[in-house]
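# Tertiary structure, described
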Amino acid sequence: MTAIQAVYVRGHEERPDPKPHIVYRIEIQAHVRSWQMWRRYSEFVELHTELTKSTGSSSPAPLPPKNSLAILRGPFRDSSSMTEERRAGLETYLRAIISAKDDKWRECYAFRDFLGVPVGRLGTMAEGSTSSKQFSSSSWLDEHLELQAKIRDIRADINKRDALSDRGDVSASHTANVQAKKKLAETLSRVRTLKQGLQELGMAAMAQGELQRRTDMVARLQDDCEKLGKMVTVTRQASRPTAAPSSQGFTNVAIAPESDRAALLSLSKPVTRVFGAKKPQETEVTRPLDDQGLVQLQNTQMEQQDGQLATLTHILQRQRHLGEAIGAELAVHNELLDELNNDVELVGGKLSSAKKQLNRLG
């Protein structure tokens, strides 16, 4: 659950209704927002029971036990040290689930509902769901950050596929390509849902400048998905080898296309790396690479430059929106100053009239 960065049990509070009990204040920190929940110890017990039933295994950390002597000593006679010890135990219990390598506990609906994760983020975990989800302004940004991380994962899978293909590991290369396609299909569905959620937020009186900024963010996600779709499909077809039997018993030999063979036979001189009129100097990065590795390195650097350019574009657009907002605010202040000036002149005229009337009476 990448949205939740940290969980703390900061303190407790004694409440008299419906009967005397103690509730614990839980603070949850996400990417761009934080919130707090109040939970009783009995609710922690219910969560622990539900997690055990849903996952079929015990949680990463044990739940602190309930003090049996508290009943004899009264609901509010529990010492502060015992309450602090339980608070620390509950915090350890939650943080162990958040930081566990296996995500089956934190992906459980009961756990997310216990922490009060917004509805828009709960909906992203439902597999195969294409229905429209409700986002708050902050949960929409959380979902956008997750989609950006998802796109980076897809790029990593594509690079892994190409590397495995270069080493001749066809099976592993195919597996990496299938994983990239699955992740891309899921990402496309979530991007469409994110766009629908933005339309709903726009209808909920979101500021025009912020709405335009988020529209641009969705457009960039769609462009990235389109580029990745071409990389997954076209490159996969181009790198697929054709197995041909041989009279000597060799199999899985890739046959070059006829065009490549004809071009090879027609060459009158050997081909060397020539990037321009002057041959560039080799570096420590390019020296161990072959032609295909250089092309891959160039594509990677171009992607990095595109990402930096997109970030710069986003920053400039935000600066423009801020400038427009400041300009509009200054225009409003100028109107207010004009009105104040008119009022001052009006009051000054009235004071002059009153002074003249007093002079006549004097």
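Residues numbered from 1 in each chain as written. Predicted model: local features only at pLDDT ≥ 70, side-chain atom pairs only at ≥ 80, totals over all residues. Heavy atoms only, no water.

The name an unreviewed UniProt entry gives the protein is Phox homologous domain-containing protein, with Suillus fuscotomentosus as the organism. Its UniProt record gives the protein the following Function (unreviewed entry) comment, quoted word for word: "Essential for proper morphogenesis of the vacuole. May exist as structural reinforcement on the surface of the vacuolar membrane and be required for maintenance against rupture by osmotic pressure." Regarding the protein, the UniProt comment filed under Subcellular location (unreviewed entry) reads as follows: "Vacuole". (UniProt positions renumbered as here; feature names shortened; annotations may be inferred.)

In terms of regular secondary structure, the protein is built from 10 helices and 3 strands. Each helix and strand of the protein, ordered N terminal to C terminal, gives the series β-β-β-α-α-α-α-α-α-α-α-α-α. Here the protein, with 362 residues, has 29% of them falling under the buried criterion. A separation threshold of at least 6 residues defines the contact pool for the protein, and within that pool the share at least 24 residues apart is 60%. Summed over its atoms, the accessible surface of the protein is roughly 24,000 Å², and 55% of this surface lies on carbon and sulfur atoms. (Helix = DSSP H or I, 4+ residues; strand = E, 2+ residues; numbered from the N terminus. Buried < 20%, exposed > 50% of the residue type's maximum accessible area, 1.4 Å probe, protein only. Contact = heavy atoms within 4.5 Å. Areas by Shrake-Rupley, 256 points an atom, 1.4 Å probe, with all protein chains shown as cover.)

This part takes up the sheet that holds strand β3 (residues 34-40). Within the open sheet, the 3 strands sit side by side as β1-β2-β3. Their pairing is antiparallel. Both edges of this open sheet fall to β1 (6-15) and β3, since each of them pairs with a single strand only. Direction aside, the axes of adjacent strands within the sheet are offset by 25 degrees on average. Here 9 bridges tie β1 to strand β2 (residues 21-29), and the two strands are oriented antiparallel to one another. For H12, the partnering residue across the bridge sits in β2 and is Y24. Relative to the sheet, helix α1 (residues 41-55) contacts β2 and β3, its axis offset from that of β3 by approximately 95 degrees. (Pairing = 2+ DSSP bridges. Axes fitted to C-alpha atoms, helices over the stretch in contact; angles between N-to-C directions.)

Here we come to the environment of N159. Here N159 shows up in helix α6 (residues 137-166). Separated by 141 residues in the primary sequence, N159 and T300 have C-alpha atoms spaced 9.2 Å apart.

In this fold, V191 is placed in helix α7 (residues 170-203). Overall, the relative accessible area of 3% leaves V191 in the buried class. In the structure, V191 is positioned 44 residues away from L147 in sequence and 7.6 Å away in space, judged by C-alpha atoms. Among residues more than four places away in sequence, those in contact with V191 are L147, V218, L221, Q222 and C225.

On to the side chain of R190. When you line up the elements, R190 lands in helix α7. Owing to a relative accessible area of 13%, R190 belongs among the buried residues under this scheme. A distance of 2.9 Å separates polar atoms of two side chains, one belonging to R190 and the other to E143. (Polar contact = N/O pair within 3.5 Å; in protein donor to acceptor, adjacent residues only side chain to side chain.)

Applying the stated criterion across every chain, the model contains 1 aromatic pair. Measuring from centroid to centroid gives 4.9 Å for F44 and F114, while their planes differ by 70 degrees, and the two rings are edge-to-face. One end of the pair, F44, is in helix α1; the other, F114, is in helix α4 (residues 109-115), with 70 residues separating them in the sequence. In this arrangement the basic side chain of R10 is found over the ring face of Y8, its NZ or CZ atom lying 4.1 Å from the centre. Stacked on the ring of W38, the Lys or Arg R15 has its end atom at 5.0 Å from the ring centre. (Phe/Tyr/Trp six-rings, centres within 6.5 Å; stacked < 30°, edge-to-face > 60°. Lys NZ or Arg CZ within 6 Å of the ring centre and 35° of its normal.)

Another aspect to go through is the environment of V23. Along the polypeptide, V23 turns up in strand β2. Classification of V23 as buried rests on a relative accessible area of 3%. Linking V23 and W38, residues 15 residues apart in sequence, is a C-alpha distance of 6.0 Å. Setting aside chain neighbours within four positions, we find V23 in contact with G11, H12, E13, R15, W38, R39 and R40.

An ideal rise of 1.5 Å per residue puts 28 Å on 20 residues; helix α3 (residues 80-99) measures up with 28 Å between its terminal C-alpha atoms. Every buried residue of α3 is listed here: T83, R86, R87, G89, L90, E91, Y93, L94, A96, I97 and I98. Residues of α3 that are buried sit in contact with β1, β2, α1 and α4. (Expected span 1.5 Å × (residues − 1).)

What follows concerns the pattern of salt bridges. For the coordinates displayed, the defined rule picks out 19 salt bridges. E13 serves as the salt-bridge partner of R15, at 3.0 Å between the closest nitrogen and oxygen. Classification of E13 by relative accessible area gives partly exposed; the value is 34%. Close ionic contact of E143 with R190 constitutes a salt bridge, the shortest N to O distance being 2.9 Å. Remark: R190 occurs in helix α7 and E143 occurs in helix α6; sequence separation between them is 47 residues. Relative accessible area serves as the criterion here: at 2%, E143 is assigned to the buried category. A single network of salt bridges, built from pairs that share partners, joins E143, E146, K150, E186 and R190. (Salt bridge = Lys/Arg side-chain N within 4 Å of Asp/Glu carboxyl O.)

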